[in-house]
Protein chains: 2
Amino acid sequence: MDRSVSDPGTGTPGEAPAERRRDAAATRRRLLDAARDLFAERGYEGATVRGIAERAGVNQALLFRYFGSKQGLLAEAVAEDGLERVRATPPEELFETALRSMLTRDADGNGDRSLEVYLRSHSRGEENAGALRELGEKYQSVLASLSCAEDAALRADLAMAWLLGIGILRTVVAREPLASADPEAVCRLVLGSLDTLWHAPEK
Amino acid sequence: MDRSVSDPGTGTPGEAPAERRRDAAATRRRLLDAARDLFAERGYEGATVRGIAERAGVNQALLFRYFGSKQGLLAEAVAEDGLERVRATPPEELFETALRSMLTRDADGNGDRSLEVYLRSHSRGEENAGALRELGEKYQSVLASLSCAEDAALRADLAMAWLLGIGILRTVVAREPLASADPEAVCRLVLGSLDTLWHAPEK
DNA sequence: TAGCGTTGTAAGCACGTGCTTACAACTAGG
DNA sequence: CCTAGTTGTAAGCACGTGCTTACAACGCTA
């Protein structure tokens, strides 16, 4: 994983590690970034290895050299981006953070696309379910901690379902008025209803 | 399959139109049914024309004779099943009806799969978005009539998002405990939170 | 500078896909 | 019975896919 590179000699010895013409670590990164974007935009099946390699500006054979398979690439991309956010966000903020990332178009290009990747990569049977399973379970356990009801896990699933559904309607169906709605307005509506979900009596 | 044949000619002349050995209308039906099921189970891209024809017990060339293309088949299947339900269900019952159909495994085989088809057929760009657009808009306009807020359409989108998200988590991710949860318990939680959604103040 | 492992490249393989075509088998109308 | 149109069938085409392989270009080390 760490494939770190040392200073090639004549390059500036400072922080900027002087562009190399042949840099395995750099092409790995480019592939990872391109994969994350394309998986989010077109789904796992819709994103082709040729497309990913092209967006990364890299020969497609290198994709298989560094990640073994398309699934391997997905697994590494999800593990890197998705799990990182879940780990770094306080539980009580996770839902709203994820919701906002779903609602914010990637104007500058970088938001967290991990949930979009998640929801669009479950297509083919259970082939790559393994890679996504861990991310889903992380979300579930964190969200479940927000309700003290006995069926907290079920409520967490329902919350995540809403997250994914909103993602679908926005990014793949492009449904109006949701797609262009003010994120604040959506947050207000969703978070209000979610409060009811968390605190509803057990039976 | 069973393609049993009765005697043509001497058959019962009553209402039952005596099975014919070559029956265009019947094979159209079989194709339509098989398509609805497979689109729901594997998604539009995951369902192959060969798979559909096989499940229907029909030569795949006939699929193209009767429906022109895979997209034509999808359009007709969605129009027949999905639109019919929206038209036949009272507005105030539509959400719960759809939710229950999402939560009820097709033990006997026939439930309404139109929403599953909807959520799993938006994959490739906007190719077949046309066929699905009408169904989505129908749901939206009916659900929007349940709230008298100015942003009723947005709230309808959010409600439908929840529906689709629950479908994803249940049928494609197979997430526990949601997948095996008691439909009644899920309905109670979701409908309660949805009530908050419909009646939340505008700002 | 010579050698050698690492990085990048081009071409292609095997397979699955949606769809077409040429033809046989059946049915209905005369 | 004969003929014409309808229904069913088998084979295949063109293309896109994930993945492999054989090879060239490069850069570090000795």
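About the thresholds
Residues numbered from 1 in each chain as written. Chains lettered and ligands numbered in written order. Predicted model: local features only at pLDDT ≥ 70, side-chain atom pairs only at ≥ 80, totals over all residues. Heavy atoms only, no water. Phe/Tyr/Trp six-rings, centres within 6.5 Å; stacked < 30°, edge-to-face > 60°. Helix = DSSP H or I, 4+ residues; strand = E, 2+ residues; numbered from the N terminus. Buried < 20%, exposed > 50% of the residue type's maximum accessible area, 1.4 Å probe, protein only. Contact = heavy atoms within 4.5 Å. Buried area = accessible area lost by both parts, 1.4 Å probe. Salt bridge = Lys/Arg side-chain N within 4 Å of Asp/Glu carboxyl O. Polar contact = N/O pair within 3.5 Å; in protein donor to acceptor, adjacent residues only side chain to side chain. Nonpolar A, V, L, I, M, F, W, Y, C, P; charged D, E, K, R; others polar. pLDDT = per-residue confidence, 0-100. Near = heavy atom within 4 Å.

Draft legend 1. Quick look at the packing of aromatic side chains. All chains considered together, the criterion is met by three aromatic pairs over all chains. With a centroid separation of 4.1 Å and an interplanar angle of 0°, the aromatic rings of Trp162 of chain A and Trp162 of chain B are classed as stacked. With Trp162 of chain A in helix H8 (residues 152-172) and Trp162 of chain B in helix H8 (residues 152-172), this residue pair bridges two chains. Neither Trp162 of chain A nor Trp162 of chain B differs from the other in exposure class; each is buried.

Draft legend 2. Molecular detail of the interface of chain A and chain B. In this assembly, 42 residues from chain A lie in contact with 42 residues from chain B. Interface of chain A and chain B: buried area, both sides summed, is about 3500 Å²; carbon and sulfur atoms make up 66% of it. Arg175 of chain A is paired through a salt bridge with Asp157 of chain B; the nearest N and O atoms lie 3.3 Å apart. Along the contact surface separating chain A from chain B lie 15 residue pairs in polar contact (both at pLDDT 80 or more). Sorting the residues of the side of chain A that touches chain B by element identifies helix H7 (129-144), H8 and helix H9 (183-199) of chain A as the ones contributing at least two each. With 14 residues, the top contributor of residues to the side of chain A that touches chain B is H8 of chain A. Class assignment for the residues of the side of chain A that touches chain B results in 21 nonpolar, nine polar and 12 charged.

Draft legend 3. Inspection of the environment of Leu158 of chain B at higher detail. Positionally, Leu158 of chain B belongs in helix H8. Judged by relative accessible area, which is 0%, Leu158 of chain B ranks as buried. The spatial distance from the C-alpha of Leu158 of chain B to the C-alpha of Gln140 of chain B is 9.6 Å, given a sequence separation of 18 residues. Excluding residues that lie within four positions of it along the chain, Leu158 of chain B makes contacts with Trp162, Ile166, Leu178, Val186, Leu189 and Val190 of chain A together with Leu197 of chain B.

Draft legend 4. Examining the confidence of the model for chain A more closely. Confidence in the prediction for chain A averages 87 pLDDT; 86% of positions are at 70 or higher. Contacts for the low-pLDDT stretch residues 1-16 of chain A, under 50 throughout, to residues beyond four places or in other chains number 15 contacts.

Draft legend 5. Highlighting the protein's contact with DNA strand D. Taken together, 23 residues are adjacent to DNA strand D, and Thr48, Gln60 and Lys70 of chain A together with Arg22 and Arg65 of chain B come closest. In DNA strand D, the atoms that sit within 4 Å of the protein are 47% sugar and phosphate, with bases accounting for the remainder. At 3.0 Å, a backbone N or O of Val49 of chain A approaches a phosphate oxygen of DNA strand D. The set of elements that each furnish at least two residues to the surface near DNA strand D consists of helix H2 (49-56) and helix H3 (60-67) of chain A together with helix H1 (24-46) and helix H3 (60-67) of chain B. For the surface near DNA strand D, the element with the highest residue contribution is H3 of chain B, accounting for five residues. Split into classes, the residues belonging to the surface near DNA strand D amount to nine nonpolar, six polar and eight charged.

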